[in-house]
Amino acid sequence: MQQPNQRGGQRVQQQQPFNPLAIRTKKNQLDKNDYAKMALVQVWKKEWWRALIPLVLFSLPAAFAFSWWWVAGAVIVTVLYVLVRSAQVMGVTQMEQSNVLFERVMFEIDQRQILMKRNDREGMALQWEMIDRVATTKDAYQMYLKGPAADQLPKGWKGWVAKTFNVPVFLHLPFKIFNSPNDLKLMESLLRRKNLIPA
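Cut-off values and rules
- Residues numbered from 1 in each chain as written.
- Predicted model: local features only at pLDDT ≥ 70, side-chain atom pairs only at ≥ 80, totals over all residues.
- Heavy atoms only, no water.
- Helix = DSSP H or I, 4+ residues; strand = E, 2+ residues; numbered from the N terminus.
- Buried < 20%, exposed > 50% of the residue type's maximum accessible area, 1.4 Å probe, protein only.
- Polar contact = N/O pair within 3.5 Å; in protein donor to acceptor, adjacent residues only side chain to side chain.
- Contact = heavy atoms within 4.5 Å.
- 1 Å grid on protein atoms, 1.4 Å probe; cavity = no way out; pocket = protein on both sides within 12 Å on 5 of 7 lines; lining within 4 Å.
- Points joined across faces, edges and corners; volume = space filled by probe spheres on them.
- Expected span 1.5 Å × (residues − 1).

- The name recorded for the protein chain in an unreviewed UniProt entry is YcxB-like protein domain-containing protein, from Rufibacter sediminis.

Topic: the environment of Pro-198
Then comes step 1: Here Pro-198 is to be found in the segment after helix H5 (181–193).
Then comes step 2: Given the relative accessible area of 68%, Pro-198 is considered exposed.
Then comes step 3: For the pair Pro-198 and Val-134, spaced 64 residues apart in sequence, the C-alpha to C-alpha distance is 9.9 Å.

A look at the side chain of Thr-93
Then comes step 1: Counting through the fold element by element, Thr-93 comes out in the loop between helix H3 (68–90) and strand E3 (106–109).
Then comes step 2: On the accessibility criterion, Thr-93 (5% relative accessible area) is buried.
Then comes step 3: Here the side chain of Thr-93 touches Met-90 through a polar contact of 2.7 Å, landing on its backbone oxygen.
Then comes step 4: What Thr-93 contacts, discounting residues up to four positions off in sequence, is Lys-32, Tyr-35, Ala-36 and Phe-102.

Some remarks on empty space enclosed by the protein
Then comes step 1: Under the criterion given, the structure shown has three cavities of 30 Å³ or more.
Then comes step 2: When its volume is computed, the largest cavity comes out at roughly 100 Å³.
Then comes step 3: Surrounding the largest cavity, 13 residues form its lining, Leu-30, Leu-101, Phe-107, Met-116 and His-172 being those nearest its centre.
Then comes step 4: If one sorts the elements of the lining of the largest cavity by residue count, strand E8 (residues 170–174) sits on top with three residues.

With respect to helix H1 (residues 32–47)
Then comes step 1: A rise of 1.5 Å per residue sets the reference length of H1, with its 16 residues, at 22 Å; its end C-alpha atoms lie 22 Å apart and thus fit the reference within 8%.
Then comes step 2: Here H1 has its buried residues at Tyr-35, Ala-36, Met-38, Ala-39, Leu-40, Val-43, Trp-44 and Glu-47.
Then comes step 3: The N-terminus of H1 is capped by Asp-31, whose side-chain oxygen sits 3.0 Å from the backbone nitrogen of Asn-33.

Next up, the structure:
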């Protein structure tokens with residue numbers, strides 16, 4: 001299995017020792033289109049105001065010498081910005097490093113790690129330190145992976161662009177994949193202890 005977005009997941013080939021305290025889920029596979037939709041909603045909820053910047057900047061000349069050409073140009077540049085940013089977000093689903101996010105896996109979750117398992121012999125371990133935050137939706141947990149550290153980013157304006165226009169990478173764990181209400185309670189308790197959801 002590949003590492004998601006090269007953010008440090010550890011590939012596991014051998015059989016893992018049985019942990020009776022681990023939370024085990026049913027197998028689940030996230031559709032790439034569903035992932036893209038969720039990621040786009042996250043990005044545009046946070047960044048909608050950035051689409052106004054080219055609209056305002058390119059409309060300013062029309063305030064002094066009105067012309068429909070300025071207005072049309074502002075709208076075209078804004079639409080292009082929205083399309084390019086959306087394509088960047090959707091591009092995560094096409095990256096080889098992200099394939100693990102869309103494989104059919106089960107999860108084994110304990111105090112040490114989140115293990116994504118194809119089968120009893122193959123999987124990938126994510127340490128809790130790699131999780132930046134967890135969002136709870138009406139029917140799932142979304143576990144967001146930390147982005148690259150500052151020293152991993154390019155220097156200068158390229159680093160600023162990479163940081164500013166980062167694409168969210170997350171694991172989507174629907175509540176329905178948990179085997180019992182008790183497992184869901186254990187998961188919530190674990191996330192609270194890790195300070196990833198409010199206590």
